[in-house]
Amino acid sequence: MIKDIKLPLSWKSHLKDELGEKYIEEIISFLKQNYKNGKEIFPKPSLIFNAFNYSDFENIKVVILGQDPYHGNGQAHGLSFSVPKTVPLPPSLKNIYKELSTDLEIQVDYKNGNLEKWAKQGVFLLNSTLTVEKNKPLSHSKIGWERFTSKVIEILSKKRKNLVFILWGKHAQNKIKNINHKEHLIIESPHPSPLSSYRGFFGSKPFSKTNKYLRSKNIEEVDWSMVNKLENRL
């Protein structure tokens, strides 16, 4: 069943043992049965591991951990908090952009919710759960994905150094036990959803804190800006 999971070689070598575990086969069987029964699952199969495709294991600088994929039509494309460019920003992403704008005092393009630009710079946009049934948030949170993503975080923590782990909300913060805080920077805050963003997400300054840490380790900073400089001059 491992052949059903398409991962880049850099990831597959580190996750080889985990991919051989029985629960992985059970996840795949569960999803196949759901597809067979006509249920709509997001994201589409080819994008379930999209975050891994954008972030080579050795190039990751930052991990932004989300909860589970967006559960509306056309939203989820395998990168946590991100949506395709033509899709309106979900409320959580709007709040992320608000914090980004005030934290770094920059203009943000609220018409573009595609975070691929971050991913290409080494920002690993991972959800704790990698699939969801349409209009049913957390519907796949107990099928085994949490175990898999915990292992991913654990391996990153053990085999890399000086990473920034941004944990928004309780689901993400459950992974803190898998991270060596002596080797990495951990940034925690409430989830950016409208239900919790005013409890400490706003004003938490995760973007400037991340770049300050990267600079201190002589690692190239992340360009968090969503504004295309050429378009901005026109």
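Everything numeric in this text was worked out from a predicted model, so none of it was measured.

**Thoughts on the environment of serine 197**
In step 1: Relative to the helices and strands, serine 197 resides in the loop between strand S6 (185-189) and helix H8 (206-216).
In step 2: Apart from the residues within four sequence positions on either side, serine 197 is in contact with Asn95, His191, Pro192 and Phe202.

**Let's talk about the packing of aromatic side chains**
In step 1: In total, this model carries 18 aromatic pairs according to the counting rule given.
In step 2: With centroids separated by 5.8 Å and ring planes inclined at 65°, the aromatic side chains of tyrosine 97 and tyrosine 110 adopt a geometry described as edge-to-face. Residue tyrosine 97 is located in helix H4 (residues 91-104), and its partner tyrosine 110 is located in the loop between H4 and helix H5 (116-119); the two are separated by 13 residues in the primary sequence.

**What to know about the confidence of the model for the protein chain**
In step 1: In this model, the protein chain carries a mean pLDDT of 92, and residues with pLDDT of at least 70 account for 94%.
In step 2: Least confident of the elements in the protein chain is helix H9 (residues 229-233), whose mean pLDDT is 39; most confident is H8, at 98.
In step 3: Contacts of residues 227-234 to residues separated by more than four positions or lying in other chains number 7 contacts, the stretch itself having pLDDT below 50.

**Details of the layout of surface pockets**
In step 1: There is about 730 Å³ of room inside the largest pocket.
In step 2: Forming the walls of the largest pocket are 37 residues, and the residues nearest its centre are Gln67, Asp68, Ser92, His191 and Ser193.
In step 3: Only H4, strand S3 (123-127) and helix H7 (170-173) provide two or more residues apiece to the lining of the largest pocket.
In step 4: Of the residues that constitute the lining of the largest pocket, the class distribution is 19 nonpolar, 15 polar and 3 charged.

**Here's the deal with the pattern of salt bridges**
In step 1: Scanning the model with the defined rule gives 10 salt bridges in all.
In step 2: Between glutamate 221 and arginine 215 there is a salt bridge whose closest N-O contact spans 3.2 Å.
In step 3: Note on glutamate 221: relative accessible area 32%, which makes it partly exposed.
In step 4: Residue arginine 215 is classed as partly exposed on the basis of its relative accessible area of 45%.

**Looking at the environment of asparagine 135**
In step 1: Looking at the element boundaries, asparagine 135 is found in the loop between strand S4 (132-133) and helix H6 (145-159).
In step 2: Distance from asparagine 135 to histidine 184, taken between C-alpha atoms, is 36 Å for residues 49 residues apart in sequence.

**Some points on the sheet that holds strand S2 (residues 62-66)**
In step 1: What the 4 strands build is an open sheet, ordered S3-S2-S5-S6; its pairing is parallel. A strand with exactly one partner marks an edge of an open sheet, and here the two such strands are S3 and S6. Neighbouring strand axes in the sheet, compared pairwise and without regard to direction, differ in orientation by 15° on average.
In step 2: Of the pairings in the sheet, the one linking S2 to S3 comprises 5 bridges and is parallel in character. Bridged to isoleucine 64 within S3 is leucine 125.

**Remarks on the packing of helix H2 (residues 22-36) against H6**
In step 1: Packing of H2 against H6 brings their axes to within 10 Å, and their N-to-C directions diverge by 130°. The orientation of H2 with respect to H6, classified from their angle, is oblique. Note that H2 runs across H6; the crossing there is left-handed. Two secondary-structure elements touch here, H2 through Tyr23, Ile24, Ile27 and Leu31 and H6 through Trp145, Arg147 and Phe148.
In step 2: When its residues are assigned to classes, the contact of H2 with H6 shows 6 nonpolar, no polar and 1 charged.

**A few points about the side chain of asparagine 211**
In step 1: With respect to the helices and strands, asparagine 211 occurs in helix H8.
In step 2: A polar side-chain atom of asparagine 211 sits 3.1 Å from the main-chain amide nitrogen of valine 222.
In step 3: At a separation of 3.5 Å, a polar atom in the side chain of asparagine 211 contacts the side chain of tryptophan 224.
In step 4: For asparagine 211, the residues in contact, after removing those within four places along its chain, are Glu221, Val222 and Trp224.

**Considerations on the packing of H4 against H8**
In step 1: Contact pair H4 / H8: the axes reach a minimum separation of 7 Å and the direction vectors enclose 55°. With respect to H8, the element H4 is oriented oblique. Taken together, the residues of H8 that come into contact with H4 (itself represented by Ile96, Glu99, Leu100, Asp103 and Leu104) are Pro206, Phe207 and Ser208.
In step 2: Considered class by class, the residues forming the contact of H4 with H8 number 5 nonpolar, 1 polar and 2 charged.

Basis of the calculations
- Residues numbered from 1 in each chain as written.
- Predicted model: local features only at pLDDT ≥ 70, side-chain atom pairs only at ≥ 80, totals over all residues.
- Heavy atoms only, no water.
- Helix = DSSP H or I, 4+ residues; strand = E, 2+ residues; numbered from the N terminus.
- Contact = heavy atoms within 4.5 Å.
- Phe/Tyr/Trp six-rings, centres within 6.5 Å; stacked < 30°, edge-to-face > 60°.
- pLDDT = per-residue confidence, 0-100.
- 1 Å grid on protein atoms, 1.4 Å probe; cavity = no way out; pocket = protein on both sides within 12 Å on 5 of 7 lines; lining within 4 Å.
- Points joined across faces, edges and corners; volume = space filled by probe spheres on them.
- Nonpolar A, V, L, I, M, F, W, Y, C, P; charged D, E, K, R; others polar.
- Salt bridge = Lys/Arg side-chain N within 4 Å of Asp/Glu carboxyl O.
- Buried < 20%, exposed > 50% of the residue type's maximum accessible area, 1.4 Å probe, protein only.
- Pairing = 2+ DSSP bridges.
- Axes fitted to C-alpha atoms, helices over the stretch in contact; angles between N-to-C directions.
- Parallel < 35°, antiparallel > 145°, perpendicular 65-115°, else oblique.
- Left-handed = near helix turned anticlockwise from the far one by under 90°.
- Polar contact = N/O pair within 3.5 Å; in protein donor to acceptor, adjacent residues only side chain to side chain.

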